[in-house]
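# Structural overview for review
Each chain, written out:
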Amino acid sequence: MPGETCSLDITRDTCPMTFVRTRLALDRMAPGEVLLVSLRGEEPRSNVPRTAAEQGHVVLGTRDEADGTTRLWIRKGG
């Protein structure tokens with residue numbers, strides 16, 4: 001995946017805080033920068049990328065890890 005410029009661990013958070021924290025991180029970034037989000041659970045795995053895309057960001061990819069976490073790369077739109 002592209003070199004991440006920022007990372008966020010929301011593996012201990014639950015919806016809706018998973019996207020609230022993701023959005024706050026994206027708000028602090030410049031357009032074009034990439035955020036690597038580590039998350040856990042089916043609800044955040046489907047909601048965070050969908051909501052990011054709805055808000056104009058680009059979901060670059062996801063990768064499921066052996067420990068049950070998912071890594072999600074988002075490029076900030078703008």
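Figured I'd write up the structure that's included with this text. (Residues numbered from 1 in each chain as written. Predicted model: local features only at pLDDT ≥ 70, side-chain atom pairs only at ≥ 80, totals over all residues. Heavy atoms only, no water.)

### Description of a nonpolar patch on the surface
On the surface, a cluster of nonpolar side chains totalling about 250 Å² of accessible area is made up of Met-17, Val-20 and Leu-24. As for its position among the elements, Met-17 is in helix α1 (residues 17-27). (Patch = residues over 30% accessible without salt bridge, like charges linked within 9 Å, V, L, I, M, F, W, Y side chains within 5 Å. Areas by Shrake-Rupley, 256 points an atom, 1.4 Å probe, with all protein chains shown as cover. Salt bridge = Lys/Arg side-chain N within 4 Å of Asp/Glu carboxyl O. Helix = DSSP H or I, 4+ residues; strand = E, 2+ residues; numbered from the N terminus.)

### Quick notes on the nonpolar core
By size, the foremost hydrophobic cluster in this structure holds 13 residues, and its most contacted members are Ile-10, Leu-35, Val-37, Leu-39, Val-48, Leu-72 and Ile-74. Of all the secondary structure elements, the ones that give two or more residues to this core are α1, β2 (34-40), α2 (42-54) and β4 (69-75). (Core = buried A, V, L, I, M, F, W, Y, C linked by side-chain atoms within 4.5 Å. Buried < 20%, exposed > 50% of the residue type's maximum accessible area, 1.4 Å probe, protein only.)

### Here we look at the pattern of salt bridges
Applying the stated criterion across every chain, the model contains 5 salt bridges. The salt bridge partner of Arg-50 is Glu-54, with a shortest N-O separation of 3.4 Å. On the criterion of helical spacing, the pair formed by Arg-50 and Glu-54 is a turn pair, its members being 4 residues apart in helix α2. For Arg-50, a relative accessible area of 42% translates into the label partly exposed. Ionic pairing is found between Glu-65 and Arg-71, a salt bridge with its closest N-O pair at 3.6 Å. For Glu-65, a relative accessible area of 26% translates into the label partly exposed. Each member of the salt-bridge network shares a partner with another, and the members are Arg-63, Glu-65 and Arg-71.

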